[in-house]
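Chain by chain, the residues run as shown.
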Amino acid sequence: ILQCLLACCQTENYIREFTLSSNLPRLLEELYSRNSARPHIIKEVRESLGTCDLFFLSSEQQDAHEALTKLLCILEECTKVNLFYDQLDITPVYSSVVHQYFYGTMKHTYECIQCHQTTVAIEEFNSLSVEAMANVSSGIEGLSKPSITVKSCSTCNTITSHTFLANIFHQPKIMVICINRFHQLQNGSYVKDDTLVFCDPIIALPGVASTSKLVGTVMHKGRTLTSGHYTAMVKANNMWYSCNDIDVHMMQNVERHLHSREVYLLFYVQENLD
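Criteria and thresholds
- Residues numbered from 1 in each chain as written.
- Predicted model: local features only at pLDDT ≥ 70, side-chain atom pairs only at ≥ 80, totals over all residues.
- Heavy atoms only, no water.
- Patch = residues over 30% accessible without salt bridge, like charges linked within 9 Å, V, L, I, M, F, W, Y side chains within 5 Å.
- Areas by Shrake-Rupley, 256 points an atom, 1.4 Å probe, with all protein chains shown as cover.
- Salt bridge = Lys/Arg side-chain N within 4 Å of Asp/Glu carboxyl O.
- Helix = DSSP H or I, 4+ residues; strand = E, 2+ residues; numbered from the N terminus.
- pLDDT = per-residue confidence, 0-100.
- Pairing = 2+ DSSP bridges.
- Axes fitted to C-alpha atoms, helices over the stretch in contact; angles between N-to-C directions.
- Phe/Tyr/Trp six-rings, centres within 6.5 Å; stacked < 30°, edge-to-face > 60°.
- Buried < 20%, exposed > 50% of the residue type's maximum accessible area, 1.4 Å probe, protein only.
- Lys NZ or Arg CZ within 6 Å of the ring centre and 35° of its normal.
- Arc of directions from axis to C-beta.
- Contact = heavy atoms within 4.5 Å.
- Polar contact = N/O pair within 3.5 Å; in protein donor to acceptor, adjacent residues only side chain to side chain.

### So, a nonpolar patch on the surface
A surface patch of nonpolar side chains, amounting to about 280 Å² of accessible area, comprises L83, F84, I90 and V93. Mapped onto the elements of the fold, F84 is located in the loop between β1 (81-82) and β2 (94-95).

### Considerations on the confidence of the model for the protein
Considering every residue of the protein, the mean pLDDT works out to 82; 86% of them sit at 70 or more. The least confident element of the protein, judged by mean pLDDT, is helix α1 (residues 2-10) at 40; the most confident is strand β11 (residues 197-198) at 97.

### Description of the pairing of strand β14 (residues 229-236)
In the sheet, strand β13 (residues 211-221) pairs with β14 via six bridges, with the strands oriented antiparallel. Within β14, the residue paired with K221 across the bridge is H229. As defined by bridge partners, β14 adjoins strand β15 (residues 239-244) across five bridges and the pair is classed as antiparallel. Counterpart to K235 in the pairing with β15 is W240.

### A look at the sheet that holds strand β7 (residues 158-170)
The antiparallel open sheet is built from four strands, whose spatial order is β4-β3-β7-β6. Both edges of this open sheet fall to β4 (118-125) and β6 (147-153), since each of them pairs with a single strand only. Ignoring which end each strand starts from, the neighbouring axes of this sheet average 40 degrees apart. Alignment of strand β3 (residues 104-112) against β4, held across eight bridges, turns out to be antiparallel. By the bridge assignment for β4, K107 is matched with I122.

### Let's talk about the packing of aromatic side chains
Counted under the stated rule, the structure contains three aromatic pairs. Ring geometry for F55 against F56: centres 5.3 Å apart, planes inclined by 80 degrees, an arrangement best described as edge-to-face. In this pair, the class of F55 matches that of F56, namely buried. Taken together, a centroid distance of 5.8 Å and an interplanar angle of 85 degrees make the contact between F182 and Y264 edge-to-face. Separated by 82 residues along the polypeptide, F182 in strand β9 (residues 182-184) and Y264 in strand β18 (residues 263-270) bring together distant segments of the chain. Residue F182 shares its accessibility class with Y264, and that shared class is buried. Stacked on the ring of Y110, the Lys or Arg K151 has its end atom at 4.9 Å from the ring centre. Here the guanidinium or amino end of K173 rests over the ring plane of Y101, the centre of that ring lying 5.8 Å away.

### Observations concerning helix α6 (residues 136-143)
V136, S137, G139 and I140 are the residues of α6 that are buried. In an axial view of α6, the angular spread of the buried residues amounts to 160 degrees, which keeps them on one side of the axis. In this structure, the buried residues of α6 make contact with β5 (128-131), β8 (174-180), β11, β12 (202-204) and β18. Residue N135 occupies the N-cap position of α6, its side-chain oxygen lying 3.4 Å from the main-chain nitrogen of S137.

Put into C-alpha cells, the structure is as follows:
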C-alpha cells in the first residue's frame, strides 16, 4: 500500500498539488525502506504531520481512530493529482491514491413513517464503525439491519420518524473497521465496552461478492479514550508481528490473539488485490 502511495507521489506524468510539507513523501519512503533509524524518522514524520494539523503535536494521548482519520485526510491531500493536468482549459478534476484505496460508498435509504416518502443519500466513508459483538462479521451485518431515526421530511415539512437502511454501495480496497468500544454517558463521560470480539481472518460485506483478509489490528489497553496504551498486530510476508512501541517481534499461535477484549481498529484488504 505504501509503495503504491509513494509511486503516485513520485510519478513525473502528474502535476502534484502539495499543500503541505514536501518532506512527508520522502520521510515515508525512508520509513518504508528501513535505511534509517526508525525512532528518528517517526519523530520527523510526526513533526511533518504537525505542520498540517496540531493534533499530531499534542503531548497528550490521542484517540487512534481519530488519528487515522486525520492521517488519511492529510495523505489524500498529499497525493492529490489533477487528472487533466495537460489540459489547462478544463476545470481540474482531482484523484488520489489514498481515495482510490481507502474510500468506499454507502447508500442511505430513509422512508418517512408518516407519508412513506423515500429518499436516498450517497455518502463516502473511509472506515466502518460497528458495535462490539461476538465477532466482527456480526457487527458488520448489524449495519445493514433497518433502524428508526428522526429527521426532517421534505414532503411532510416536519420532523418525523424514518425507517433507516444502510447498504454498502462500493467496497474500499483497504477497509478500516472501528469497534465501537466507547459509549458516552449522560454526564458526558465515556465508558468502555470490553466485550470479547473475534477478529475474523476473512470477512464478506453484505451484498458484496469479494472477500477481504485481515492484515492488521490496533489494540487499546485502558479504560478511557485519553488514557491507556495502544499496541498493534501486523501481517507482513505471511507472518504476524506484535508491535509495542519499539518492541517488534514475530508472533506464535496468532489464532489465540484473534479473540480480544481490546481490539479497537481492524484493517482488511480485498483478497484479489495485488
